[in-house]
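# Tertiary structure, described
So you can see what is in the structure, the chains are spelled out below.
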Amino acid sequence: MEVKIGVQYAPRELVIESSQSPAEVEKLVTEAIASEGTLSLVDEKGRRVIIPVSKLAYVEIAEATRGTVGFTAR
């Protein structure tokens, strides 16, 4: 699953590939916003990203899409 995080005053968004479900990530984001603390997510390689909630611009949660190779019939 892919999570895109917009951070205030940062020119680029953070993109994290996570093995967590969309519901789990949504719960973590909601809890972090409610507590006005930090959002902490772990990517597929075990790296942890910690963002202060006060600096969040947006969080986009989407299923990862695999690219197709070759020709496809439409």
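Just so it is clear, the model here is predicted, and its values are computed rather than measured.

### With respect to unusual backbone geometry
A positive phi angle, close to 65°, is found at Y9, a residue other than glycine. In this fold, Y9 is placed in the loop between β1 (2-7) and β2 (14-17). Here the phi dihedral of E36 falls at roughly 55°; this positive angle occurs in a residue that is not glycine. With respect to the helices and strands, the residue E36 is situated in the loop between α1 (22-35) and β3 (38-42). Overall, the relative accessible area of 70% leaves E36 in the exposed class.

The rules behind these values
- Residues numbered from 1 in each chain as written.
- Predicted model: local features only at pLDDT ≥ 70, side-chain atom pairs only at ≥ 80, totals over all residues.
- Heavy atoms only, no water.
- Helix = DSSP H or I, 4+ residues; strand = E, 2+ residues; numbered from the N terminus.
- Buried < 20%, exposed > 50% of the residue type's maximum accessible area, 1.4 Å probe, protein only.

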